[in-house]
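Each chain is listed here by its residues.
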Amino acid sequence: MRLGAAGAAALGLWPLTADAAPAAPELSKAIETLEPYFTPREKFRDVSRGKPLPHSLPDEKKRAVGLTRETWKLEVISDPDNPATLRSPLTQKDGTALDFDGLMKLAEKHAVRFPKVMTCLNIGCPLGMGIWEGVPLREVIWLTQPRENLRRVFYHGYHNDDPQQMFRSSLPISRVLEDPFDLPPVILCYKLNGQWLDSERGGPVRVVVPEAYGFKSIKWLTQVVLTNLYHANDTYAEGNNDIDSWLKTFAATISVPREVKPGEPMPVTGYAQVGLAGLSKVQVWIQSNAVERPTGDPHFTTAPWTDAEILAPPKHWGALPDGKIPANTLGFDDATGQPRTWPMRLAKVHWAALLPGLPAGEYTLRCRTIDEKGNAQPMPRPFQKSGNAAIESVDLTVKS
Ligand SMILES: Nc1nc2c(c(=O)[nH]1)N[C@H]1C(S)=C(S)[C@@H](COP(=O)(O)O)O[C@H]1N2
Ligand SMILES: [Mo]
């Protein structure tokens, strides 16, 4: 189950510990064909709403409605119903709205970049892994000179000027002004994986909330409303979602042989999403369908799980200019270009296991994570509407 240094080097992975035996060739092959660590632009999955989809509008229309870098304008205003006290709101009508040049001026001093996996709370499977670059949202809020009565930040993007289509999210003001638990800041994002944020990903400017599921990261951002209201107004709240949920830790498979010969070892690969809870282990378990499972153990805590190998940082990071991590990326060491910790929180990591051969029969393969506190998936937060952490199961046939 271990990957040797030679095998790892050949696969473009970091050498692992010296005592690791060479990888079995079946497993090396499966690892070689894993997805790139950072997701290429065309491989991001798109779940955006809108009729028409804002990113599908003709260029002329995009220019007219501020969906290009040249015409983008951001208003930051007080909520008329629950006013926050602002000295100088940023408005279109006064000509004080923030434009892209203004954002780039702020970026010269305040730009940050950090790795993050974008995951839809409802879909569960990550949409893509990126290094997101932007200006902390607080820098723009400070431009309005807020004085008091500011408890929450509402924000939304372009929605075809149809209130029915508006997709809104919100955050407590404290989360925007300060970054608790060493999280990266909430940003106005304009670059992804070293390139301008494209229209499909919400360009020219979207919000990115590092620790949150995707619905907090509003695309085609046009308006920020500072409010004294004390509760959320998120569009996702209307769908029975737990809108304060932070990213969960869970594992899923990428490649599993569906049909193998008796006694033949089975290479399996997968990814884990590393939530705020961190990751200490990925485990796998294969069970014959002929065996009856004990009742009263819905999360299979008594099953004979075995550890999979969490793969080391890749040598080739995938979709980045020159294949290099941009300078000053949070979580990375500039001198070496390597991550400071591994696996990284709020990111993906890959894993692999070579399962021993089995007699003919029908089987179910499952995988799970153990987080840094020792919680086995789907604990400590098993509810689906807080984000996916269900234990995945895959059918497998052993047949001569
Ligand atoms: N303006 C706007 N922003 C949006 C959405 C949307 O429909 N409109 N969808 C949200 C949801 S539900 C998710 S999961 C993420 C997906 O981000 P992505 O399309 O870049 O992968 O965008 C979020 N931001
Ligand atoms: Mo979503």
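Look up: the structure comes first, before these words.
Residues numbered from 1 in each chain as written. Chains lettered and ligands numbered in written order. Predicted model: local features only at pLDDT ≥ 70, side-chain atom pairs only at ≥ 80, totals over all residues. Heavy atoms only, no water.

What about the site of ligand 1?
Turning to step 1, where the next piece is worked out: Around ligand 1 sit 18 residues in total, of which Arg 49, Arg 201, Arg 206, Ser 217 and Lys 219 are the nearest.
Turning to step 2, where the next piece is worked out: Between ligand 1 and the protein, one listed contact pairs an oxygen atom with a backbone N or O atom of Arg 45 at 3.3 Å.
Turning to step 3, where the next piece is worked out: Within the contact set of ligand 1, an oxygen atom lies 3.1 Å away from a backbone nitrogen or oxygen of Arg 49.
Turning to step 4, where the next piece is worked out: When ligand 1 sits alone it has 530 Å² of accessible area, and the protein chains cover 98% of it.
Turning to step 5, where the next piece is worked out: Looking at the shell around ligand 1 residue by residue, the class counts come to 9 nonpolar, 3 polar and 6 charged. (Near = heavy atom within 4 Å. Polar contact = N/O pair within 3.5 Å; in protein donor to acceptor, adjacent residues only side chain to side chain. Areas by Shrake-Rupley, 256 points an atom, 1.4 Å probe, with all protein chains shown as cover. Nonpolar A, V, L, I, M, F, W, Y, C, P; charged D, E, K, R; others polar.)

Section: the environment of Pro 321
Turning to step 1, where the next piece is worked out: By the secondary structure assignment, Pro 321 is in the loop between β18 (309-310) and β19 (332-333).
Turning to step 2, where the next piece is worked out: Residue classification places Pro 321 among the partly exposed positions, given a relative accessible area of 39%.
Turning to step 3, where the next piece is worked out: Separated by 199 residues in sequence, Pro 321 and Asn 122 have C-alpha atoms that sit 31 Å apart.
Turning to step 4, where the next piece is worked out: Beyond its immediate stretch of four places on either side in the chain, Pro 321 contacts Asn 193 and Gly 194. (Helix = DSSP H or I, 4+ residues; strand = E, 2+ residues; numbered from the N terminus. Buried < 20%, exposed > 50% of the residue type's maximum accessible area, 1.4 Å probe, protein only. Contact = heavy atoms within 4.5 Å.)

Some thoughts on helix α2 (residues 25-32)
Turning to step 1, where the next piece is worked out: Regarding α2, the residues found buried are Leu 27, Ser 28, Ala 30 and Ile 31. Projected down its long axis, α2 carries its buried residues within an arc of 165°, all on one side. The outward face of α2, more than 90 degrees from its buried face, is lined by the exposed residues Pro 25, Lys 29 and Glu 32.
Turning to step 2, where the next piece is worked out: Residues of α2 that are buried sit in contact with β13 (250-255), β15 (266-274) and β21 (347-355). (Arc of directions from axis to C-beta.)

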